[in-house]
Amino acid sequence: MIKYLMKKFSSFPLKDNPENWEIFNHDDYLKTSEDKKKKIRRSSCIARYNIEKDIKYSWMENYFLKNIDQKKLENKVLLDLGCFTGGRLLAWAENYKLKKSYGLDINPIFKTAADEFADEKNLSVDFRIGVGEKLPYDDNFFDFVVSTDTFEHVQNLENSIDECFRVLKPGGMLLAVFPQYLQPFESHLNFVTNLPCLHWFFNAKKISEKYFEILDERGESAKWYRGEKKSLESWEKLPTLNGTSIRKFEKILKINNWDDIKWIKRPILTDGRRSKKLIFKMLSFLFYPLIHIKYLDELFMGRICVICKK
C-alpha cells in the first residue's frame, strides 16, 4: 500500500532547480566546462539571494524581524548555520549592514559557490565547511546565529544547540526556524512522492524502505539524486530527517540556560509563494486555533520558530 501510494503521487526533482544541492551531482554539472559550472553555482546562489531581497518572501523579514527591530542587526557579527551556497547570507549582509558575516555548511561546493558570489558582490564574508555539532568558532563570538531549515537534518540536535549557545555572546540571539517531524508537507520524500501526511499513517522505517526501493528501480536516471544510501542511518527517522518534534525541541532548549525563549507560531500554508493565494490564506486561517493546542501543533504548525536570547 505504501509503495502504491508513493507511486500514485510520484514526483521527480528537476536537474536545473537551484534549490536542490543535488544538481551538483548531475552530469550537466559534472561533465561541462568550468564556465558553465560557475554559472550553475551562481544560479544556486542567486535563487536564495533574490528571495531574501523580496520582503514578501524573505525568511528574515517574515519569521524574525516582526519580533526584532532590524536595527539590532546593524554592525553585528552573524553566523548563518546551514548557509548552503550563501545567497541568503549575502542578502542579509547587504540588507542589514552587518559588521561581519560568517556562513557554515558541509559541502565544499557550497563554499566555492558562496565565495564566488561574495566576490561578485564585493562583500567580505567568511564561508567555512563544518557541522553544527562542532562549530569552528571561539566561545562568545557571535551576536546572532541564524539557522533556516537546517536543524531537522543535523545528526545530533542537542549538541548543535549546545554549540550555538557556546559561540553566542552574552545577550546574543539564536534565530532558528525548521519544520517539526510531523509537519505534513516537510517529510522530504519529494524526490519520490508529493503525497503529504504519509508519515502520519505509516511506519517511518517502512516508508523509508519503499522510498529507497523506488529510487533503486529508477536506475541510472536517478543516480544524481539517489546517492549511495540504501537504508536509514542510525540517527535518521526518515531519509535525511532526525525526527525532531516540537516537544523534543522544547526539552532540548531547557538544557541550556537561555535568558529568554520566544516562540513564533504560524500555521501551515503561511510561507512561500503559494501562501499568497486566496485558498491557502483561507485554509491557514482555519488552522490558527489548532497551533495553540498541545500535540495538534505538531500537525498544523508550519515550522518550529524560536528566538533564544543567551
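Now for a quick tour of the structure. In this text the structure is predicted, and so the values were computed from the model without any measurement.

Section: unusual backbone geometry
At Thr-240, a residue that is not glycine, the phi angle is positive and equals roughly 75°. For Thr-240, the position within the fold is in the loop between helix 10 (223–226) and helix 11 (246–255). Looking at Thr-240, the relative accessible area reads 36%, which means it is partly exposed. Even without being a glycine, Tyr-295 presents a positive backbone phi close to 80°. Of note, Tyr-295 is situated in the loop between helix 12 (278–287) and helix 13 (297–300). Look at Tyr-295 and you get exposed, because its relative accessible area is 55%.

Overview of the pattern of salt bridges
Throughout the structure, instances matching the rule amount to 27 salt bridges. One salt bridge in this structure joins Glu-217 and Lys-7, with 3.0 Å as the shortest N-O distance. Note that Glu-217 is positioned in helix 9 (residues 204–217) and Lys-7 in helix 1 (residues 2–8), a separation of 210 residues in sequence. The class of Lys-7 is partly exposed, set by a relative accessible area of 43%. Here Glu-209 makes a salt bridge to Lys-210, at a shortest N to O gap of 3.7 Å.

A look at the environment of Phe-127
Looking at the secondary structure, you find Phe-127 in strand 3 (residues 125–129). By relative accessible area, Phe-127 is classed as buried at 4%. Sequence separation between Phe-127 and Asp-105 is 22 residues, and the spatial gap between their C-alpha atoms is 8.2 Å. If near-sequence neighbours (up to four positions away) are discounted, Phe-127 is found in contact with Cys-83, Gly-86, Leu-89, Leu-90, Gly-103, Lys-111, Ala-114, Asp-115 and Ala-118.

Observations concerning the packing of helix 7 (residues 157–167) against helix 11
Following both chains from N to C, one finds helix 7 and helix 11 inclined at 40°, their axes separated by 10 Å at the closest point. The orientation of helix 7 with respect to helix 11, classified from their angle, is oblique. The hand of the helix 7/helix 11 crossing is right-handed. Mapping the contact onto sequence places Leu-157, Glu-158, Ile-161 and Asp-162 in helix 7 and Phe-249, Ile-252, Leu-253 and Ile-255 in helix 11. Taken together, the residues of the contact of helix 7 with helix 11 break down into 6 nonpolar, no polar and 2 charged.

A closer look at the packing of aromatic side chains
Applying the stated criterion across every chain, the model contains 23 aromatic pairs. On the basis of an interplanar angle of 70° and a centroid distance of 5.4 Å, the ring pair of Phe-191 and Tyr-225 is categorised as edge-to-face. Of this pair, Phe-191 sits in the loop between strand 5 (168–178) and helix 8 (198–201) while Tyr-225 sits in helix 10, placing them 34 residues apart in sequence. An angle of 75° between the planes, with centres 6.2 Å apart, marks the rings of Phe-249 and Trp-263 as edge-to-face. Taken together, the positions of Phe-249 in helix 11 and Trp-263 in strand 6 (residues 260–263) put the pair 14 residues apart, joining distant regions of the chain. The class of Phe-249 is buried, set by a relative accessible area of 0%. Through a chain of ring-to-ring contacts, three or more aromatic side chains come together here, namely Trp-21, Phe-24, Tyr-29, Phe-84 and Phe-110.

Some points on the environment of Phe-84
Here Phe-84 lies in the loop between strand 1 (77–81) and helix 5 (87–95). Overall, Phe-84 belongs to the buried group, its relative accessible area being 6%. Spatially, the C-alpha atom of Phe-84 lies 9.6 Å from that of Thr-150, the residues being 66 residues apart in sequence. Among all residues touching Phe-84, those that are not within four sequence positions of it are Pro-18, Glu-19, Asn-20, Trp-21, Ser-44, Arg-48, Asp-105 and Phe-110.

Quick word on helix 9
Over its 14 residues, helix 9 extends 20 Å from the first C-alpha to the last, a length consistent with the 20 Å expected when each residue adds 1.5 Å. By the burial criterion, the buried members of helix 9 are Ala-204, Ile-207, Ser-208, Tyr-211, Phe-212, Ile-214 and Leu-215. Down the axis of helix 9, the sector holding all buried residues measures 160°, keeping them to one side. In this structure, the buried residues of helix 9 make contact with helix 1, helix 8 and helix 10. The N-cap of helix 9, judged by a side-chain oxygen 2.9 Å from the amide nitrogen of Lys-205 a few residues on, is Asn-203. One or two steps after helix 9, the chain reaches Gly-219, where phi turns positive at roughly 65°.

Calculation rules
- Residues numbered from 1 in each chain as written.
- Predicted model: local features only at pLDDT ≥ 70, side-chain atom pairs only at ≥ 80, totals over all residues.
- Heavy atoms only, no water.
- Helix = DSSP H or I, 4+ residues; strand = E, 2+ residues; numbered from the N terminus.
- Buried < 20%, exposed > 50% of the residue type's maximum accessible area, 1.4 Å probe, protein only.
- Salt bridge = Lys/Arg side-chain N within 4 Å of Asp/Glu carboxyl O.
- Contact = heavy atoms within 4.5 Å.
- Axes fitted to C-alpha atoms, helices over the stretch in contact; angles between N-to-C directions.
- Parallel < 35°, antiparallel > 145°, perpendicular 65-115°, else oblique.
- Left-handed = near helix turned anticlockwise from the far one by under 90°.
- Nonpolar A, V, L, I, M, F, W, Y, C, P; charged D, E, K, R; others polar.
- Phe/Tyr/Trp six-rings, centres within 6.5 Å; stacked < 30°, edge-to-face > 60°.
- Expected span 1.5 Å × (residues − 1).
- Arc of directions from axis to C-beta.
- Polar contact = N/O pair within 3.5 Å; in protein donor to acceptor, adjacent residues only side chain to side chain.

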